[in-house]
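# Secondary and tertiary structure notes
Now for the letters of each chain:
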Amino acid sequence: MQLEGKTAIVTGASSGIGAATVRKLREAGARVVGGARRVERIDADLALPLDVTDEESCAAFVVRAAAELGGIDILFNNAGLALGRYPFWESTPEDEETVLRTNVEGAMRMTRLTLPHIRDGGHILFMGSVAGRQAYENAASYVAAKFAVRGFVYALREDLLGRPIHVTTVDAGLVETEFSLVRFKGDVEKAKAVYRGVDPLTADDVADCILFAVTRPPYMNVDEIVVKALQQSSGGRIVRREE
Ligand code: NAP
């Protein structure tokens, strides 16, 4: 119970990496408030509706979570998505806006609103991606968004320097969640094909990275963790088995 007495907020807690992280944080003894739009799917100490693209929704979520938890030790900015796999000339303003507003503005907004409630010794974590480190084809909005998240985290670390707050990003490659189902707008076949002939990471693998970062000694900051499937070198380069 390494996190006994600690409190946490997890965004995007209704699925995948967020849901797995809520589970592992609670197993380690933390009290956790989870947020997402599909609030009925969240299994946490308290589940609250949250749309990270909406300032009012985020403000109400943070106020309620902070009151409920009596102070916040951990914020995991996990909510995010990609939309489509097409060359940029096929992009739409709607897809670009949703991807940037969710991944980038959502994480910045939640950080700004939560910071005043973060206790000394606290921790802000971000779900980045290998897409934020190395571009791959037919994913321009998502690549731009995750590069922006990494830029924001670097800048935030500069601003917080000297304050007792840890900042970590986990940049993952292929993780089998509902991510591809969302990306392909419900097309199950296209979503399945992403994980065919390769052993992707699981949501639990990524949640373990979060747990590692938040259970280090107080004097240590884990800046970045980069994890990929062994058969993958970047978002676009994956060696698949014949099946
Ligand atoms: P997932 O299973 O689709 O989960 C995404 C979560 O984000 C859901 O809980 C969803 O909840 C939430 N979300 C989306 N838009 C939101 C909004 N506007 N407000 C609040 N919550 C919102 O996918 P996942 O793989 O766990 O993705 C989690 C994070 O990991 C994302 O940031 C993603 O970019 C990143 N990532 C994923 C992979 C991968 O291969 N899976 C790799 C690297 C990084 P609601 O729809 O209920 O709101």
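See the structure shown above.
This section reports on the structure supplied with the text. (Residues numbered from 1 in each chain as written. Predicted model: local features only at pLDDT ≥ 70, side-chain atom pairs only at ≥ 80, totals over all residues. Heavy atoms only, no water.)

### Structural notes on the site of the ligand
Within the structure, the ligand sits among 31 residues, and Ser15, Arg37, Arg38, Tyr142 and Thr177 are positioned closest to it. A distance of 2.9 Å is found between an oxygen atom of the ligand and a backbone nitrogen or oxygen belonging to Val175. Considering the ligand on its own, with 880 Å² of exposed area, one finds that the protein chains cover 96% of that surface. For the shell around the ligand, the elements supplying multiple residues, two or more each, are helix H1 (16–27), helix H3 (93–114), strand S5 (118–129), helix H4 (140–160) and helix H5 (179–183). The biggest single contributor to the shell around the ligand is S5, with three residues. Here the residues of the shell around the ligand sort into 13 nonpolar, 13 polar and five charged. (Near = heavy atom within 4 Å. Polar contact = N/O pair within 3.5 Å; in protein donor to acceptor, adjacent residues only side chain to side chain. Areas by Shrake-Rupley, 256 points an atom, 1.4 Å probe, with all protein chains shown as cover. Helix = DSSP H or I, 4+ residues; strand = E, 2+ residues; numbered from the N terminus. Nonpolar A, V, L, I, M, F, W, Y, C, P; charged D, E, K, R; others polar.)

### Focus on H3
Its 22 residues give H3 an end-to-end C-alpha distance of 29 Å, which sits within 8% of 32 Å, the value for a rise of 1.5 Å per residue. At Glu105, H3 is bent by approximately 35°, the largest bend along its length. Of the positions making up H3, those classed as buried are Asp95, Val99, Thr102, Asn103, Val104, Gly106, Ala107, Arg109, Met110, Thr111, Leu113 and Thr114. (Expected span 1.5 Å × (residues − 1). Bend = angle between axes of the 7 residues up to and from the residue. Buried < 20%, exposed > 50% of the residue type's maximum accessible area, 1.4 Å probe, protein only.)

### Re the pattern of salt bridges
Pairs can form between side chains of opposite charge whenever their charged atoms are close. Counted by the stated rule, this structure contains 19 salt bridges. Put simply, Lys24 and Asp208 hold a salt bridge, and the shortest N to O gap is 2.9 Å. Taken together, the positions of Lys24 in helix H1 and Asp208 in helix H7 (residues 203–214) put the pair 184 residues apart, joining distant regions of the chain. A salt bridge links Arg64 to Glu68; the nearest nitrogen and oxygen atoms lie 3.8 Å apart. Note that Arg64 and Glu68 are positioned in helix H2 (residues 55–69) at a spacing of four residues, about one turn of the helix. Three or more residues joined by partner-sharing salt bridges are found here, namely Glu55, Glu105, Arg109 and Arg112. (Salt bridge = Lys/Arg side-chain N within 4 Å of Asp/Glu carboxyl O.)

### Quick notes on H2
The first and last C-alpha atoms of H2 sit 21 Å apart over 15 residues, in line with the 21 Å expected at 1.5 Å per residue. Among the residues making up H2, those that are buried are Ser57, Cys58, Phe61, Val62, Ala65, Ala66 and Leu69. For H2, the angular spread of buried residues about the axis comes to 150°, placing them on one side. In H2, those exposed residues whose orientation departs by more than 90 degrees from the buried face are Glu56, Val63 and Ala67. In this structure, the buried residues of H2 make contact with strand S1 (7–11), strand S2 (31–36), strand S3 (46–49), strand S4 (72–77) and H3. You can read the cap of H2 off the contacts: a side-chain oxygen lies 3.1 Å from the backbone nitrogen of Glu56, and it is on Asp54. One or two positions beyond H2, positive phi appears at Gly70, with a value near 70°. (Arc of directions from axis to C-beta. Contact = heavy atoms within 4.5 Å.)

### Thoughts on the packing of H2 against H3
To describe two helices that pack against each other, one gives the angle between their axes and the distance between the axes. Between H2 and H3, the least distance of the axes is 10 Å, while the angle of their chain directions is 40°. Crossing of H2 against H3: the hand is right-handed. Seen from H2, the contacting residues are Glu55, Cys58, Ala59, Phe61 and Val62; seen from H3, they are Arg109, Met110, Arg112, Leu113 and Thr114. Partitioned by chemical class, the residues of the contact of H2 with H3 number six nonpolar, one polar and three charged. (Axes fitted to C-alpha atoms, helices over the stretch in contact; angles between N-to-C directions. Left-handed = near helix turned anticlockwise from the far one by under 90°.)

### Describing the nonpolar core
Most often, soluble globular proteins have nonpolar side chains that are buried together. Among the nonpolar cores identified, the biggest contains 34 residues, and Ile9, Phe61, Met110, Ile124, Phe126 and Leu156 are the most heavily contacted of them. Apart from the residues within four sequence positions on either side, Phe126 is in contact with Phe76, Asn77, Ala107, Thr111, Val149, Phe152, Val153, Leu156, Val167, Thr168, Thr169 and Val170. By size, the runner-up hydrophobic cluster in this structure holds 32 residues, among which are Ala8, Leu201, Ala207 and Ile210. (Core = buried A, V, L, I, M, F, W, Y, C linked by side-chain atoms within 4.5 Å.)

### Structural notes on unusual backbone geometry
For Asn138, which is not glycine, the phi dihedral falls at a positive 65°. With respect to the element layout, Asn138 can be found in the loop between S5 and H4. Among the residues examined, Asn138 registers a relative accessible area of 31% and is labelled partly exposed. Residue Lys185 is not a glycine yet carries a positive backbone phi of 50°.

### Side note on the packing of aromatic side chains
All chains considered together, the criterion is met by two aromatic pairs. Taking 5.9 Å as the distance between ring centres and 80° as the angle between the ring planes, the aromatic pair formed by Phe126 and Phe152 counts as edge-to-face. In this pair, Phe126 sits in strand S5 while Phe152 sits in helix H4, placing the two residues 26 residues apart along the sequence. One exposure class covers both Phe126 and Phe152, and it is buried. Judged by centre distance (5.4 Å) and plane angle (55°), the rings of Tyr142 and Phe179 are tilted. Of this pair, Tyr142 sits in helix H4 while Phe179 sits in helix H5, and the two are 37 residues apart along the sequence. Among the residues examined, Tyr142 registers a relative accessible area of 8% and is labelled buried. (Phe/Tyr/Trp six-rings, centres within 6.5 Å; stacked < 30°, edge-to-face > 60°.)

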